[in-house]
Amino acid sequence: DLLKGIFKIQNKYSFKNLNFVNLTWILTENGVKIQDGHIESIDIPPSEYLDIKIPFQTPEPTPNAEYHLLISFKLSEDLFWAKKDHVVAWDQFEIKFDVAKRSKLKLDEIDEIYIDELEDCYEVKGVNFKVHIGKITGSIEQYSYNNIDLITHPLSANLWRALTDNDKGIIDFGNGSSFSSVDMDWKDANKNRYISKISMKKVRPQVIIIEVESVLFKNEDPLETIYTIYGNGDIIVQNNFTPHKDIVKFGMQCGIPKQFNNMTWYGRGPHETMLDRKNGAAVGIYSGKIEDLIHPYVRPQENGNRTDVRWTTFTNKKEEGLFILDIGGSHLSISAWPYTMEDLESASHNYELPSRNFNTINIDHKQQGVGGDIPALAVLHDEFKLKGKQTYNYSFLLRGYSKEMGSINMIIEKGPPSLS
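What counts, and at which threshold
Residues numbered from 1 in each chain as written. Predicted model: local features only at pLDDT ≥ 70, side-chain atom pairs only at ≥ 80, totals over all residues. Heavy atoms only, no water. Helix = DSSP H or I, 4+ residues; strand = E, 2+ residues; numbered from the N terminus. Rg over C-alpha atoms; globule rule 2.2 N^0.38 Å. Buried < 20%, exposed > 50% of the residue type's maximum accessible area, 1.4 Å probe, protein only. Contact = heavy atoms within 4.5 Å. Areas by Shrake-Rupley, 256 points an atom, 1.4 Å probe, with all protein chains shown as cover. Pairing = 2+ DSSP bridges. Axes fitted to C-alpha atoms, helices over the stretch in contact; angles between N-to-C directions. Salt bridge = Lys/Arg side-chain N within 4 Å of Asp/Glu carboxyl O. 1 Å grid on protein atoms, 1.4 Å probe; cavity = no way out; pocket = protein on both sides within 12 Å on 5 of 7 lines; lining within 4 Å. Points joined across faces, edges and corners; volume = space filled by probe spheres on them. Nonpolar A, V, L, I, M, F, W, Y, C, P; charged D, E, K, R; others polar. Phe/Tyr/Trp six-rings, centres within 6.5 Å; stacked < 30°, edge-to-face > 60°. Lys NZ or Arg CZ within 6 Å of the ring centre and 35° of its normal.

S.K.: Quick question: what am I supposed to make of the overall build of the chain here?
M.R.: Counting its secondary structure elements, the chain contains four helices and 25 strands. Taking 2.2 N^0.38 as the reference for a compact globule, 420 residues should give roughly 22 Å; the C-alpha atoms of the chain span a radius of gyration of 24 Å, in line with that estimate. Taken along the three principal axes of its C-alpha coordinates, the chain extends 75 × 65 × 40 Å. The burial tally for the chain puts 51% of its 420 residues in the buried class. Partitioning the contacts of the chain with sequence separation of at least 6, the portion at a separation of at least 24 is 66%. When the accessible surface of the chain is summed, it comes to about 20,300 Å², and 49% of that surface belongs to carbon and sulfur atoms.

Pasting the structure below:
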């Protein structure tokens with residue numbers, strides 16, 4: 001009974017009592033610790049069960065907040081194989097307290113927005129921001145906030161990843177053939193994408209909506225991207241797509257200035273996770289330099305992904321930069337590299353990877369799992385595939401960020417603007 005804090009613990013040892021571990025617990029609100037405690041001497045004989053109560057207090061819920069309880073079992077003393085407080089086992093539970101929905105930012109609290117229709121782009125401006133959306137690319141080609149350039153390489157749809165060893169099917173079956181779970185037709189889908197329709201309308205003095213339809217590969221249905229831009233600089237990006245066959249990834253990719261190299265995220269971590277490789281990572285708030293968050297596999301390939309991301313920031317030494325917030329509720333997959341995806345694909349060794357003068361970031365809905373039930377083969381389980389003839393949609397908010405705005409949780413509590 002999660003709301004009452006009652007849990008059943010099973011001792012899976014066949015011969016050993018659990019009295020060699022202590023139990024510690026942490027209750028978090030939107031990733032921030034609000035309560036903690038411990039229970040000493042868990043006395044459970046081998047193969048037995050014990051019901052316990054975690055004595056947390058029901059908090060005064062914050063609107064739209066998430067609550068997680070992390071329970072860890074740690075060594076109560078030094079042993080020959082590990083030191084005291086080494087974590088032997090842990091689990092995390094989301095506790096669904098009764099929380100109110102957050103109130104939306106009202107439009108009359110936002111400045112008016114302006115638009116210039118130039119030959120090659122729509123230039124949308126407000127008091128403290130400017131964004132360019134290309135008519136030929138249908139992408140956010142530039143985004144600046146408080147006169148700071150945040151997006152310098154276009155934010156475009158991306159349905160590809162630098163293939164993993166499993167994707168490539170390294171095993172040789174003896175006849176020169178190999179197996180791959182990836183449809184190579186999607187590799188150049190974004191490069192060959194063209195805009196079939198783009199339209200703009202000012203729906204309120206403070207709101208402009210730009211709708212883009214893109215033709216990808218030989219897909220029957222277009223990729224629909226909707227940009228809702230508000231006078232305070234907020235941009236909500238919504239993507240909808242129904243692929244005619246299985247895809248590798250559904251997301252977007254862009255480049256940001258090199259100075260924004262500190263990534264903080266609220267999601268699973270701290271290590272990289274994938275759709276089928278994430279249960280060993282707890283939901284929390286983590287931070288690190290982009291160059292430290294990549295994973296240098298022996299052969300360069302897709303790496304550094306973080307799953308179930310609620311929000312992330314990319315900031316500089318002054319703690320200013322880009323804030324990204326999941327809006328659709330499906331959570332995001334986020335990764336960042338000091339090089340490009342093309343660099344990853346063309347390099348055979350890590351020393352061949354350059355350090356570009358910008359960082360590549362991926363803001364994805366999800367990408368297929370990595371598999372590996374059989375070594376060097378993806379052999380993906382169905383639930384970790386992105387199957388064709390299904391509609392995928394996700395949305396996120398982009399916002400310029402600075403520490404003067406207050407904590408991220410304070411920003412989130414205010415919520416995105418509302419058209420109603």
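S.K.: Looking at this structure, how should I read the sheet that holds strand S18 (residues 262–269)?
M.R.: What holds strands together in a sheet is hydrogen bonding between their backbones, with the strands either parallel or antiparallel. Strand order across the open sheet formed by nine strands is S13-S14-S15-S16-S25-S22-S21-S18-S19, with antiparallel pairing between neighbours. Lying at the two open borders of the sheet, with one neighbouring strand each, are strand S13 (194–204) and strand S19 (282–289). Across the sheet, the axes of successive neighbouring strands diverge by a mean angle of 15°, strand direction being ignored. Note: strand S15 (residues 223–230) against strand S16 (residues 235–241), six bridges, orientation antiparallel. Each bridged residue has a counterpart across the sheet, and for Thr 228 the counterpart in S16 is Ile 236.

S.K.: Explanation requested: the environment of Ser 335 in the structure shown.
M.R.: Among the secondary structure elements, Ser 335 is positioned in strand S23 (residues 332–337). Ser 335 sits in the buried class, given a relative accessible area of 0%. Sequence-wise, Ser 335 and Arg 306 are 29 residues apart; in three dimensions their C-alpha atoms are separated by 6.2 Å. Ignoring anything within four residues of it in the chain, the contact list for Ser 335 reads Glu 302, Asn 303, Gly 304, Asn 305, Thr 360, Ile 361 and Asn 362.

S.K.: Would you explain the pattern of salt bridges in this entry?
M.R.: A side chain with one charge can pair with a side chain of the opposite charge if their charged atoms come near. The tally for this structure, following the rule as stated, stands at 21 salt bridges. Asp 36 is paired through a salt bridge with Lys 33; the nearest N and O atoms lie 3.4 Å apart. A salt bridge links Asp 167 to Arg 161; the shortest N-O distance between them is 2.9 Å. Pair check on accessibility: Asp 167 and Arg 161 agree, each one buried.

S.K.: Looking at this structure, I do not really get empty space enclosed by the protein. What am I missing?
M.R.: Picture a little ball the size of a water molecule; that probe, rolled over the atoms, points out where space is still empty. In total, this model carries one cavity of 30 Å³ or more according to the counting rule given. In terms of lining residues, the largest cavity is bounded by Gly 138, Ser 139, Leu 155, Ser 156, Ala 157, Arg 193, Val 212, Ser 214, Leu 223, Thr 225, Tyr 227 and Met 252. If you list the elements that add at least two residues to the lining of the largest cavity, you get strand S12 (153–158), strand S14 (207–215) and S15. Within the lining of the largest cavity, the residues separate by chemical class into six nonpolar, five polar and one charged.

S.K.: Explanation requested: the packing of aromatic side chains in the structure shown.
M.R.: Aromatic ring pairs are described here by two measures, namely the spacing of the ring centres and the angle between the planes. A full pass over the atoms with the stated rule returns 13 aromatic pairs. Considering the side-chain rings of Tyr 394 and Phe 396, the 5.7 Å spacing of their centres and the 35° angle between planes classify their relative orientation as tilted. Neither residue differs from the other here; Tyr 394 and Phe 396 are each classed as buried. An aromatic cluster of three or more residues is present, and its members are Trp 186, Phe 241, Phe 250, Tyr 392, Tyr 394 and Phe 396. Stacked on the ring of Tyr 122, the Lys or Arg Lys 135 has its end atom at 5.2 Å from the ring centre.

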